[in-house]
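A closer look at the structure
Spelled out from the first residue to the last, the chains are:
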Amino acid sequence: MHFCLLNIYQLSMKKTFTTIVGLSTLLSINTFGQNVLPIPAVVEGSSITLTLDEGVTEFYPGVETNTMGANGALLGPTLILNQGDDVSIEVVNQLEDTTTIHWHGLHVAPSHDGGPHSIILPGTSWNPQFTVLDKAGTYWYHPHLHMRTAEHVTRGIAGFILVRDDEEAGLGLPLNYGVDEFPIAIQTRAFDADGQLVVETNLDTAVVVNGVVDPHIDMPAQVVRLRLLNGATQRVMELGFSDDRTFHVIGTDGGLLSAPVALDRYRLAPGQRVDVLVDLGADEGQDVQLMCYGSELPNAYYGAAQPGMGAGQTSSLTGYTLNPLNGGDFNVLEIHVVAATANPITNIPESLASLTPIAESEADQTRNLTFSSASSMMNLNGPFLINGASFDMETINYNIPLNHTEIWSLTNQTPIAHPFHIHDVQFYILDINGATPPPALQGLNDVVLVPGMMGNVRFIAQFSDHADPNVPYMYHCHMLYHEDGGMMGQFLVTDPNNVSEFEQSIAGHWSFFPNPTTGELTIRTEFPDKFTVFNLQGQEVISFLVDGTYSTELHLEAGVYMLSDSSGRSSRLVVQ
Ligand code: C2O
Ligand code: CU
Ligand code: CU
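Model, not experiment: these values are computed from the prediction. (Residues numbered from 1 in each chain as written. Chains lettered and ligands numbered in written order. Predicted model: local features only at pLDDT ≥ 70, side-chain atom pairs only at ≥ 80, totals over all residues. Heavy atoms only, no water.)

Re the overall build of the protein chain
Tallying secondary structure elements over the protein chain gives 3 helices and 42 strands in all. Along the first, second and third principal axes, the C-alpha atoms of the protein chain reach 70 × 55 × 50 Å. Considering only contacts in the protein chain between residues 6 or more positions apart, those separated by 24 or more positions represent 72%. For the protein chain, the exposed surface amounts to about 20,500 Å²; the carbon and sulfur share of it is 49%. Computed over 20 positive and 63 negative side-chain charges, the inter-centroid distance for the protein chain is 4 Å. (Helix = DSSP H or I, 4+ residues; strand = E, 2+ residues; numbered from the N terminus. Contact = heavy atoms within 4.5 Å. Areas by Shrake-Rupley, 256 points an atom, 1.4 Å probe, with all protein chains shown as cover. Lys, Arg positive; Asp, Glu negative; His and termini not counted. Charge placed at Lys NZ, Arg CZ, Asp CG, Glu CD.)

If you want it as structure tokens, here you go:
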């Protein structure tokens, strides 16, 4: 199917029209406020099912785009969890592809965290279970398949996780989902001439919010709460409102700040969330736009007019300067302010959560991580390296003793800022380029933008509660092409007092050892079953029928595999 290309980009609110020619493979027809912003359905409770499947989405009228979603054709429901709850999630993979689902920001055990070691084969399901240990905050979930995270996220799988707790309930904050509290996932996408999503490109000219382009929403004339997620694959967003009004940041990645911070711009990097209060009390009958001010983004941030610092650097990112969003100011969401609800929230609280920052003196250790380009210093394309190395599934980069408190010092030798993300923990930022972070970055975070050109960030975190001698946690750049390109590493958290996890037991009915193995493998099962070894691309490597106890010699290349029973219950298997 073909249709005619209309490349009209409307930038800077309703005043400026820029006509782009030459982007013949892309399509975007941007007219404001055509589509009502969808508010994702809520899933709550202790037993949750997420079914991943392919679907079709009409981003543009009459254009059928193939997408992926959880419990629907695109994106996924919002999981609302309460601190302290025990949650069991059945992730059913009805995709034609292997994938994983990661609970970004949640403090869960590594084998339930959904990183690239926890693959879900097509037609099988994965059943992570955890107690919600996190503070009230805005978290999210998305696929994390080795080298293919950008693909699966771009094609549409992502959703919010809102954690509630008692402390938050007592603060008088908007908590009425979809009424005065709005989850807003901001993404940018590229479409080809057939209306299909393009995965790896710098021509992400369409702004997609909660899965629609050109959205508008009615919000009541009172204090409303926006939970903003930057779910883009690369773009840093400088967010604000069209009338430059002040808003109040009340929380970041890992929960609420100790007090609201009044700002008129907020820089949100890929992977990050920010929780803001906006007072619309005097605005009934008016419209205000949530905007992204690309023109105000300094050079060396992806999304600025120049992604790098020096002359000539844009040329290394194909199409970058043709994309009007880069360095441009564009509309994210049009807000029509309507009558207030009954019992509206009308005040911004003075204080919020009690936070207990970790003193630098409490650190057991400092680790230094340096980001560099694989080729020349000035390269903006990547691949990028951490400590000179590209991600290797078989290499554990760090071994962290359980309950260790550590400072990670991140130094960026590349010409572009990278949003660094770590699994397992929420951290406190100690300093950015040697200076105390601004008040809005003094809470808990799991992503931090490390400025380019020798920028440095130090954070401190404690690695508590979860240890596993076998399954690592990941850290990586949250620009997904950088992550997929190898700007990632992994660490084990191990319990020095419990080293005897010799035999791994899976769901009670079977177990195996040793793991890691140099070749020999013993499987014990309570009833006859077929066991299959897969590589982490989901390809079958070898299988055997087992009744009782079975020992064999695997003749496999060193690497990481998955051992699965016939119903898809599986474990990571390391061959050395
Ligand atoms: Cu949001 Cu390792 O990811
Ligand atoms: Cu994560
Ligand atoms: Cu990066």
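As for the coordination of the copper ion (ligand 3)
In a perfect tetrahedron of four donors around a metal, the angles come out at 109.5 degrees. In a perfect octahedron of six, they are 90 or 180 degrees. The protein atoms donating to the copper ion (ligand 3) are His418 (ND1), Cys477 (SG) and His482 (ND1), with metal-donor distances spanning 2.0 to 2.1 Å. In primary-sequence terms, the residues that donate to the copper ion (ligand 3) follow H-x58-C-x4-H. Of this pair, His418 sits in strand β31 (residues 418-422) while Cys477 is found in strand β35 (residues 473-477), placing the two residues 59 residues apart along the sequence. Both residues of the pair, His418 and Cys477, count as buried. (Donors = N, O, S within 2.8 Å, 3.2 Å for Na, K, Ca; no water. Buried < 20%, exposed > 50% of the residue type's maximum accessible area, 1.4 Å probe, protein only.)

Comments concerning the confidence of the model for the protein chain
Predicted coordinates in regions of low pLDDT should not be interpreted in detail. In this model, the protein chain carries an average pLDDT of 91, and 91% of its residues clear a pLDDT of 70 or more. When the criterion is pLDDT under 50, residues 1-30 qualifies, and its contacts beyond four places in sequence or with other chains add up to 80 contacts. (pLDDT = per-residue confidence, 0-100.)

Looking at the domain arrangement of the protein chain
With domains assigned, the protein chain is organised as domain 1 (360-494) and domain 2 (504-575). Domain 1 and domain 2 are separated by 32 Å when their C-alpha centres are compared. Each partner contributes residues to the interface: domain 1 has 5 residues there, and domain 2 has 8 residues. Taking both sides of the interface into account, the surface hidden between domain 1 and domain 2 amounts to around 550 Å²; carbon and sulfur atoms contribute 51%. If you sort the residues of domain 1 by the area they bury against domain 2, Met393, Glu394 and Asn470 come out on top, with a joint share of 83%. At the boundary of domain 1 and domain 2, one finds 0 salt bridges. (Domains from an automatic or database assignment. Buried area = accessible area lost by both parts, 1.4 Å probe. Salt bridge = Lys/Arg side-chain N within 4 Å of Asp/Glu carboxyl O.)

Things to note about the coordination of the copper ion (ligand 2)
Every protein donor of the copper ion (ligand 2) is listed here as His102 (NE2) and His421 (NE2), and their distances to the metal cover 1.9 Å. Of this pair, His102 sits in strand β10 (residues 102-104) while His421 sits in strand β31, placing them 319 residues apart in sequence. What makes His421 buried here is its relative accessible area of 0%.

Re the sheet that holds strand β24 (residues 273-279)
Strands sit in the order β17-β16-β15-β19-β24-β21-β22 across an open sheet of 7 strands; the sheet is mixed. Strands at the two margins of the open sheet, each flanked by one partner only, are β17 (212-213) and β22 (255-263). Pairing of strand β16 (residues 206-209) with β17, which is carried by 2 bridges, proceeds in the antiparallel orientation. Pairing of Val209 across the sheet is with Val212, part of β17. (Pairing = 2+ DSSP bridges.)

Quick word on the nonpolar core
Ranked by size, the top nonpolar core spans 79 residues in total, and within it Trp408 and Phe420 carry the most contacts. For this core, the element with the highest residue contribution is strand β26 (residues 329-338), accounting for 5 residues. Look past the residues within four positions of Trp408 in its chain and what remains in contact with it is Arg367, Leu369, Tyr398, Ile400, Phe420, Ile422, Val457, Arg458, Phe459, Phe463, Tyr475 and Phe491. In terms of nonpolar packing, the next biggest core, distinct from the first, is built from 25 residues, Leu52, Val108, Trp126 and Val132 among them. (Core = buried A, V, L, I, M, F, W, Y, C linked by side-chain atoms within 4.5 Å.)

A look at the packing of aromatic side chains
Per the counting criterion, the structure on display carries 24 aromatic pairs. Consider the rings of Phe371 and Phe420, whose centres lie 5.8 Å apart with planes at 15°: the pair is stacked. Pair noted here: Phe371 is in strand β27 (residues 365-373) and Phe420 is in strand β31, with a separation of 49 residues, a long-range link. Pair check on accessibility: Phe371 and Phe420 agree, each one buried. Site record: aromatic cluster; members linked through ring pairs are Phe371, Tyr398, Trp408, Phe420, Phe427, Phe459, Phe463, Tyr473, Tyr475 and Phe491. Above the face of the Tyr293 ring, Arg265 is positioned so that its terminal group lies 3.8 Å from the ring centre. Of note, Arg267 hangs over the ring of Tyr301, and the distance from its end group to the ring centre comes to 4.7 Å. (Phe/Tyr/Trp six-rings, centres within 6.5 Å; stacked < 30°, edge-to-face > 60°. Lys NZ or Arg CZ within 6 Å of the ring centre and 35° of its normal.)

A short note on the pattern of salt bridges
Counted according to the given criterion, the structure contains 21 salt bridges. The shortest N-O distance in the salt bridge between Asp253 and Arg273 comes to 3.4 Å. Within this pair, whereas Asp253 is found in the loop between β21 (247-252) and β22, its partner Arg273 is found in strand β24, the two being separated by 20 residues in sequence. Like Asp253, the residue Arg273 is buried in the burial classification. Of the charged contacts in the structure, one is a salt bridge between Asp431 and Arg458, with a shortest N-O distance of 2.9 Å. In this pair, Asp431 sits in strand β32 (residues 428-432) while Arg458 sits in strand β34 (residues 455-462), placing the two residues 27 residues apart along the sequence. Judged on exposure class, the residue Asp431 and its partner Arg458 are both buried. Taken together, the shared-partner salt bridges in this structure form one network comprising Arg164, Glu168, Glu181, Arg225, Arg227 and Asp275.

Re a nonpolar patch on the surface
A surface patch of nonpolar side chains, amounting to about 380 Å² of accessible area, comprises Met309, Met377, Met378 and Met453. On the secondary structure map, Met378 appears in the loop between β27 and β28 (384-386). (Patch = residues over 30% accessible without salt bridge, like charges linked within 9 Å, V, L, I, M, F, W, Y side chains within 5 Å.)

Let's talk about the pairing of strand β39 (residues 520-535)
Looking at chain direction, strand β38 (residues 510-513) and β39 are connected through 4 bridges and run antiparallel. Paired with Ser511 across the strands is Arg524, a residue of β39. Between the end of β38 and the start of β39, which pair antiparallel, lie 6 residues. Where β39 lies against strand β40 (residues 540-553), 12 bridges are found, and the strand directions are antiparallel. If you follow Ile523 over to β40, its bridge partner there is Tyr550. Taking the residues that link successive antiparallel strands as the turn, the β39-β40 hairpin has 4 residues, and the phi of Gly538 there is positive, at about 90°. Of the strand pairs in this sheet, β39 and strand β41 (residues 559-564) are connected by 4 bridges, and their pairing is antiparallel.

Observations regarding the environment of Gly485
For Gly485, the position within the fold is in the loop between α3 (480-484) and β36 (488-494). As for Gly485 and Met147, which are separated by 338 residues in sequence, their C-alpha atoms are 6.7 Å apart. Beyond its immediate chain neighbours, meaning those up to four positions away, Gly485 contacts Pro383 and Ser390.

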